[in-house]
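Chains, contacts and geometry: an overview
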Amino acid sequence: MDTRPSRRELLTLGSSALLASVALRSAVNAAETETRIPRFQVSLPIPEVLNPVKARRGRTVVVRHTNELRTSTVVHLHGGVTPPESDGFPTDHIMPGVSRTYTYPNDGRAATLWYHDHAMDHTGRNVYMGLAGLYLLEDRGESALRLPAGAFDVPLVIQDRLFDADGAFVYDTFHRLAAKGGVMLVNGAPWPRLEVAARKYRFRILNASNATPLRLALSSGRPLVQIATDGGLLPVPVPLREIPLAMAERVEVVIDFAAYPVGARVILQNLNDRDISGRVSDEIIRFDVVRSEEDDSALPGRLSDVQAIPADAAVRTRHFVFAGGPELGFPPVTHWTINGRDFEIDRPVATPRYGDVEIWHFENRRRLGILGLIHPVHVHLVNFRVIERDGGPPPPHETGWKDTVAVAKGHEAKIVARFEGYRGRYVVHCHNLEHEDHAMMARFDVV
Ligand code: C2O
Ligand code: CU
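My aim in this report is to walk through the structure given alongside it, one point at a time. (Residues numbered from 1 in each chain as written. Chains lettered and ligands numbered in written order. Predicted model: local features only at pLDDT ≥ 70, side-chain atom pairs only at ≥ 80, totals over all residues. Heavy atoms only, no water.)

Tallying secondary structure elements over the chain gives 5 helices and 30 strands in all. Sorting the 447 residues of the chain into buried and exposed places 59% on the buried side. Put simply, of all contacts in the chain between residues at least 6 apart along the chain, 78% involve residues at least 24 apart. Summing over all exposed atoms, the chain offers an accessible surface of approximately 17,400 Å²; the carbon and sulfur share of this is 52%. (Helix = DSSP H or I, 4+ residues; strand = E, 2+ residues; numbered from the N terminus. Buried < 20%, exposed > 50% of the residue type's maximum accessible area, 1.4 Å probe, protein only. Contact = heavy atoms within 4.5 Å. Areas by Shrake-Rupley, 256 points an atom, 1.4 Å probe, with all protein chains shown as cover.)

What follows is the structure, given as structure tokens:
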């Protein structure tokens with residue numbers, strides 16, 4: 001079904017967006033930029049290709065998207081607390097030639113959010129071709145901490161891609177299992193190098209891959225100091241030798257290159273095994289320590305107040321089983337379901353009452369021991385806390401606010417959330433985009 005995209009198709013992608021009064025090139029233009037012949041780059045400013053939107057807590061941002069593509073698109077602000085008409089429900093298409101306005105009140109905590117296509121059945125292809133961008137939500141409390149800022153606050157958006165001989169992206173879902181590629185792109189550049197000073201940097205790391213879970217580590221063996229999760233700063237910094245980062249998840253880390261001599265090279269690696277395609281590379285980005293420099297930034301011992309939602313405030317628990325199985329046909333393809341059912345746009349599977357606290361229990365059930373893949377589960381509208389993993393407490397890298405929780409094959413996780421912000425229809429789904437496109441999504445309504 002999925003064929004290699006032709007050059008022409010890629011080059012006709014184009015669109016425009018307006019952010020308040022600031023003109024932005026849209027996420028779609030990124031697709032053109034990204035299909036240029038890959039090159040190494042030495043310095044890594046936030047490139048245009050990510051179209052970063054900077055927002056401040058409490059200040060509404062209005063984005064007008066004009067679709068100049070030949071395919072429909074939908075835009076979702078991942079991690080945002082967004083009214084339903086602006087949240088990008090998968091059938092709220094912006095058809096070719098049409099514009100749509102999205103309103104983002106930005107009431108959530110300061111965090112590294114991102115926006116991406118969410119069109120029914122073809123999100124995977126659209127995101128793969130470039131429809132994803134960063135959305136940095138800031139607030140005063142965080143700015144006051146004196147964490148590394150400006151040129152020392154660097155987003156790293158990681159995506160793996162497969163290229164054809166002309167340097168164009170090849171979108172292959174491997175029979176609806178996972179679109180993976182052997183080339184790691186960071187902010188659109190393959191295997192980049194970043195020249196750094198021997199001082200502290202803050203890195204906002206997003207795994208924007210369609211289907212590749214990562215496990216981050218430094219080649220030097222030194223720990224990464226994690227300061228934030230999907231939903232912003234942790235209470236205290238947590239040093240970790242490895243940080244798992246599934247699709248759509250974000251972590252923020254501080255790396256102090258003062259620990260290395262000038263001339264040192266440190267690689268941010270992916271420790272995860274190659275799977276399915278066998279083509280996932282282990283090198284993400286290389287940091288070259290090139291000079292010493294004054295460092296007036298701080299890494300405070302106390303970062304934020306993360307208010308726990310007490311699990312006993314929950315009025316109910318809902319159970320969601322994520323499973324996949326083969327579908328008859330030739331070639332055989334995979335069918336992905338939640339609680340045994342396909343995504344149905346008119347049928348909410350849950351109707352939490354506004355203001356209620358609920359526990360949602362996600363289970364990744366293997367069928368016949370095969371097709372066991374990780375399902376990063378994303379819930380729109382809410383930020384949640386992970387309260388339990390396979391009966392035990394969550395690991396340290398996910399003790400802050402989350403909007404996506406990775407559930408590996410045969411495992412389960414429980415989250416607690418308060419359903420507030422807006423009433424209306426939202427979705428919960430797997431963030432392996434090939435699973436999402438093949439029905440592993442469900443509607444819920446806050447009533
Ligand atoms: Cu990042 Cu429903 O998506
Ligand atoms: Cu999945």
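This next bit is on the environment of Pro393. Structurally, Pro393 can be placed in the loop between β26 (384–389) and β27 (404–407). When its relative accessible area of 69% is taken as the criterion, Pro393 is described as exposed. In this structure, the C-alpha to C-alpha distance between Pro393 and Lys414, residues 21 residues apart in sequence, is 9.8 Å.

In this section: the sheet that holds strand β7 (residues 111–117). If you walk across this open sheet you meet the 4 strands as β3-β8-β7-β5, and the pairing is mixed. Either end of the sheet is taken by a strand with one partner, and the two such strands are β3 (53–56) and β5 (75–78). Going from strand to strand, the sheet's axes swing by 25° on average, the running direction of each strand aside. In this structure, β5 lies alongside β7, joined through 4 bridges in antiparallel fashion. Each residue of the ladder has a partner; that of Val75, found in β7, is Asp117. (Pairing = 2+ DSSP bridges. Axes fitted to C-alpha atoms, helices over the stretch in contact; angles between N-to-C directions.)

Note that Phe322 resides in strand β21 (residues 316–327). Through-space distance from the C-alpha of Phe322 to that of Val377 is 9.1 Å; in sequence the pair is 55 residues apart. Contact partners of Phe322, with chain neighbours within four places excluded, come to Thr337, Ile338, Phe362, Glu363, Asn364, Arg365, His375, Val377, His429, Cys430 and Met440.

Throughout the structure, instances matching the rule amount to 31 salt bridges. Between Asp295 and Arg199 there is a salt bridge, with the nearest N and O atoms lying 3.3 Å from each other. Here Asp295 is found in the loop between β20 (283–292) and β21, whereas its partner Arg199 is found in the loop between β12 (193–198) and β13 (200–207), with 96 residues between them in sequence. What makes Asp295 partly exposed here is its relative accessible area of 26%. Of the charged contacts in the structure, one is a salt bridge between Glu358 and Arg318, with a shortest N-O distance of 2.6 Å. Of this pair, Glu358 sits in strand β24 (residues 357–365) while Arg318 sits in strand β21, and the two are 40 residues apart along the sequence. Like Arg318, Glu358 is buried. Counted as one network, the salt bridges with shared partners bring together Glu142, Asp153, Arg202, Arg204 and Glu252. (Salt bridge = Lys/Arg side-chain N within 4 Å of Asp/Glu carboxyl O.)

Turning our eyes to something else, we now look at the coordination of the copper ion (ligand 2). In the first shell of the copper ion (ligand 2), the protein supplies His375 (ND1), Cys430 (SG) and His435 (ND1), at 2.0 to 2.1 Å from the metal. Here the donor residues of the copper ion (ligand 2) are spaced in sequence according to H-x54-C-x4-H. Of the two residues examined, Cys430 and His435, each falls in the buried class. (Donors = N, O, S within 2.8 Å, 3.2 Å for Na, K, Ca; no water.)

Attention shifts here to the packing of aromatic side chains. Under the counting rule described, the total for this entry stands at 21 aromatic pairs. Taken together, a centroid distance of 5.2 Å and an interplanar angle of 80° make the contact between Phe152 and Tyr201 edge-to-face. Here Phe152 is found in the loop between α4 (140–143) and β9 (153–161), whereas its partner Tyr201 is found in strand β13, with 49 residues between them in sequence. Of the residues examined, Phe152 reaches a relative accessible area of 15% and is grouped as buried. Accessibility expressed as a relative area gives 4% for Tyr201, which makes it buried. Plain terms: the ring middles of Phe203 and Phe257 are 6.3 Å apart, the flat faces sit at 85° to each other, and that makes the pair edge-to-face. Of this pair, Phe203 sits in strand β13 while Phe257 sits in the loop between β18 (250–256) and β19 (265–270), and the two are 54 residues apart along the sequence. (Phe/Tyr/Trp six-rings, centres within 6.5 Å; stacked < 30°, edge-to-face > 60°.)

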